[in-house]
Amino acid sequence: QAAVQESGGGLVQAGGSLRLTCTDSRSLANTNAMAWYRQAPGQQREQVAKMWRSGTIKYGDSVKGRFTISRHSTQSIWYLQMNNLTPEDTGIYYCAAWRMFTNVDYDPQYWGQGTQVTVSS
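It should be emphasised that the depicted structure is a prediction, and the values quoted were computed from it without experimental measurement.

1. Regarding the overall build of the chain
Part 1: When helices and strands are counted, the chain shows zero helices and eleven strands.
Part 2: The secondary structure elements of the chain, listed N-terminal to C-terminal, are β-β-β-β-β-β-β-β-β-β-β.
Part 3: For 121 residues, the compact-globule estimate of 2.2 N^0.38 gives 14 Å, and the C-alpha radius of gyration of the chain, at 14 Å, lies within 12% of that figure.
Part 4: Taking the principal axes of its C-alpha atoms as reference, the chain extends roughly 40 × 25 × 25 Å.
Part 5: Scored against the burial criterion, the 121 residues of the chain give a buried share of 42%.

Given below as structure tokens:
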């Protein structure tokens, strides 16, 4: 079983909202950073949002102002609130995490299996 698991994907009309949840079975204390990625059909995977342990956040240009990454205050649960969705946001969304003391400039060590988000026009 994967250490991280996504939920909350689905079908939504353009302009709508979805909230994705990532549950990490590991301790929050063991996580250096966490990120949400997505992969559209025929496209490369892209990072849409990243949160460091410190609380620093970075968003991809295509989602700035529309998506919000957050985390539970005490548990290893992470969220991606997605508002004003467009068909271009369609894809498989993955959550991923880095262990403590690992370089977050490299790929994460833990990946979820992905959840499908489909935005209809």
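2. Some remarks on the environment of N84
Part 1: As for its position among the elements, N84 is in the loop between β8 (77–82) and β9 (91–99).
Part 2: Taking the C-alpha atoms as reference points, N84 and R99, separated by 15 residues in sequence, lie 32 Å from one another.
Part 3: Other than its neighbours up to four places away in sequence, N84 contacts G15, G16, S17, R66 and D89.

Quick notes on the rules
Residues numbered from 1 in each chain as written. Predicted model: local features only at pLDDT ≥ 70, side-chain atom pairs only at ≥ 80, totals over all residues. Heavy atoms only, no water. Helix = DSSP H or I, 4+ residues; strand = E, 2+ residues; numbered from the N terminus. Rg over C-alpha atoms; globule rule 2.2 N^0.38 Å. Buried < 20%, exposed > 50% of the residue type's maximum accessible area, 1.4 Å probe, protein only. Contact = heavy atoms within 4.5 Å.

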